[in-house]
Amino acid sequence: EEVSERGEALYSGAVKGCSKRDRRFGARSAAMGKVASVNEHGEPTFEYIQGVERTRRAILQRGKDEEPFWKILTHFNGTVIRILLTDGIFWLTIFIYWGIRIWMRVGNVPDFLATLANTDLVTIGGFLSFFLIFFVQQNFANFYGAYGLSMTCEARIFDVASVASVALPRTKGRRIIRYLNAAHLAGYVGMSSSYPFNTFFRELNEKHRLLTDKEVERMMAIKMDDGGSAYQELSRWAIADIAACVSEGLITDNLVAATLVGKTMDFRGAMDGLYGAGDQPIQFFYIHFLCLLTLIYLPLFALSAAISAGTGDATYWLSDVVTFIVVLLNDIFIIGLRLLGQKMARPYGDDFEDLSVLHYIESTYVASNRILESSDPDPVSDELEHRMSADRHPIGDAWPPLAPAKTVTP
């Protein structure tokens, strides 16, 4: 597909006053071979979000495909290599290492420089590794905690749809599920700028007809894209409809009413949990601490390794290459762990590694409405059930027969 003029400008950073957000979207769109997809407000368009989602789902599929070792290494998107090549500290260490090695061969190296190779960096590296692993572990727990809450939101909508399909008139159930699917969508719009109201919500609302024009105006009035007010009000609308069904005598079983209200409240509680987790990330103090240690440690390690590779007459290309591989491995480990933790710190962003919000919303909408529109089976027939039981493969006795009691001869 052709790249639009704005896409080309965003990719090159040539637009005057272009924000970092614009350039990020433009660069990633160009990397996917898509049109650079930001609107005049710097928001990602729906086409861009769809492109990211397709790539994201393809990367997820790789984890289930059990690809051979060598094929795994041929991938670029969704790997540490893609983000490592954009990290400034990575290129700084490479520049330091090869700059020192070239100086060792062509320049006059002071005698005292060889003593710098004896600097003990093992202890510092050990502490830094511990802090990095803890950082990754905490963000890993937060990431999959957010995934669990997203699945809880889906499951509670399915629960309401299942009960509504058998306990409510079809039109009443449709409106309740419509509100809950709209609340599901609104929750992500209010939580992440990667899913804006003007593009993401409007496109899906137009496609699935979740809210009427008047209802959309109400969502705009309470600023859906700025916090959780919209999904909380939509959840309340669903509960109000359930209460109205009770008042009209459409629900006479208290257990059914309690189940519908309880599951709706559980949905809202799961979405509340997502907002709560997003409001309390790992402290910036800790992140700054890790970045500061990395900035000091990696250049020192590259300097020490470059000097220890040999000076004077003891300079060999094989030693240079092998030592460089050690520096490279150290960079991949230290920088890779930090970037991995940072990638998981924002589960609902626009990275390929983030959670599949569009997939969650679409699949929940389809499944919940299929449940709601499902047909009832024929009435129970005793004769049919007896015949089905008699014709099935025997499963054996419920309990094994008791062994006869042994006779004891005196």
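Residues numbered from 1 in each chain as written. Predicted model: local features only at pLDDT ≥ 70, side-chain atom pairs only at ≥ 80, totals over all residues. Heavy atoms only, no water.

Draft legend 1. Layout of the overall build of the protein. For the protein, the helix and strand inventory stands at 16 helices and 0 strands. Taking contacts inside the protein between residues at least 6 apart in sequence as the whole, the part at least 24 apart equals 76%. Only carbon and sulfur atoms are counted for the fraction: they give 61% of the accessible area of the protein, which is about 23600 Å². (Helix = DSSP H or I, 4+ residues; strand = E, 2+ residues; numbered from the N terminus. Contact = heavy atoms within 4.5 Å. Areas by Shrake-Rupley, 256 points an atom, 1.4 Å probe, with all protein chains shown as cover.)

Draft legend 2. Representation of the pattern of salt bridges. Evaluated as defined, the whole model comprises 18 salt bridges. Its salt-bridge partner being R175, residue D241 comes within 2.7 Å of it at the nearest N-O pair. One end of the pair, D241, is in helix 11 (residues 229–247); the other, R175, is in helix 8 (residues 170–191), and 66 residues separate them in sequence. A residue is classified by how much of its surface remains accessible, and D241, at 13% relative accessible area, is buried. With a relative accessible area of 37%, R175 lands in the partly exposed category. Across the salt bridge formed by E362 and K207, the nearest N and O atoms sit 3.1 Å from each other. Placement of E362 in helix 15 (residues 357–372) and of K207 in helix 9 (residues 197–208) is noted, with a sequence separation of 155 residues between them. (Salt bridge = Lys/Arg side-chain N within 4 Å of Asp/Glu carboxyl O. Buried < 20%, exposed > 50% of the residue type's maximum accessible area, 1.4 Å probe, protein only.)

Draft legend 3. Expanded view of a nonpolar patch on the surface. Taken together, the side chains of F76, V80, I81, L85, W91, V321, I325, L329 and I332 define a hydrophobic patch exposed on the protein surface, amounting to about 780 Å² of accessible area. No other element matches helix 14 (residues 317–344), which puts 4 residues into the nonpolar patch. Its place among the elements puts F76 in the loop between helix 4 (69–73) and helix 5 (80–84). For F76, a relative accessible area of 42% puts it in the partly exposed group. (Patch = residues over 30% accessible without salt bridge, like charges linked within 9 Å, V, L, I, M, F, W, Y side chains within 5 Å.)

Draft legend 4. Representation of helix 11 within the structure. Taking 1.5 Å per residue as the helical rise, helix 11 with its 19 residues ought to reach 27 Å, and the 27 Å between its terminal C-alpha atoms agrees with that figure. Among all positions of helix 11, only A230, Y231, E233, L234, S235, W237, A238, D241, I242 and C245 are buried. Buried residues along helix 11 sit against helix 8, helix 10 (213–221) and helix 12 (254–279). G249 lies just past helix 11 and shows a positive phi near 80°. (Expected span 1.5 Å × (residues − 1).)

Draft legend 5. Structural context of unusual backbone geometry. Phi is positive for R209, which is not a glycine, with a value near 55°. Secondary-structure assignment places R209 in the loop between helix 9 and helix 10. A positive phi angle, near 60°, is found at K223, a position not held by glycine. Exposure remark for K223: the relative accessible area of 51% places this residue in the exposed category.

Draft legend 6. Layout of the packing of helix 10 against helix 11. In contact at an axis separation of 9 Å, helix 10 and helix 11 are set at 140° when each is read in the N-to-C sense. It follows that helix 10 is oblique to helix 11 by the angle criterion. Crossing of helix 10 over helix 11 shows right-handed handedness. Judged by residue contacts, E215, R218 and M219 of helix 10 engage A230, E233, L234 and W237 from helix 11. Each residue belonging to the contact of helix 10 with helix 11 can be placed in one class, and the counts come to 4 nonpolar, no polar and 3 charged. (Axes fitted to C-alpha atoms, helices over the stretch in contact; angles between N-to-C directions. Parallel < 35°, antiparallel > 145°, perpendicular 65-115°, else oblique. Left-handed = near helix turned anticlockwise from the far one by under 90°. Nonpolar A, V, L, I, M, F, W, Y, C, P; charged D, E, K, R; others polar.)

Draft legend 7. Local environment of the nonpolar core. One finds F200, L211 and L234 to be the most contacted residues of the largest nonpolar core, which totals 91 residues. If you tally residues by element for this core, the top one is helix 7 (residues 122–167), at 12 residues. When near neighbours in sequence (up to four residues on either side) are disregarded, F200 contacts F46, I49, L185, V189, Y195, V357, L358 and I361. (Core = buried A, V, L, I, M, F, W, Y, C linked by side-chain atoms within 4.5 Å.)

In short, the description is geometric, and any link to function would need to be established separately.
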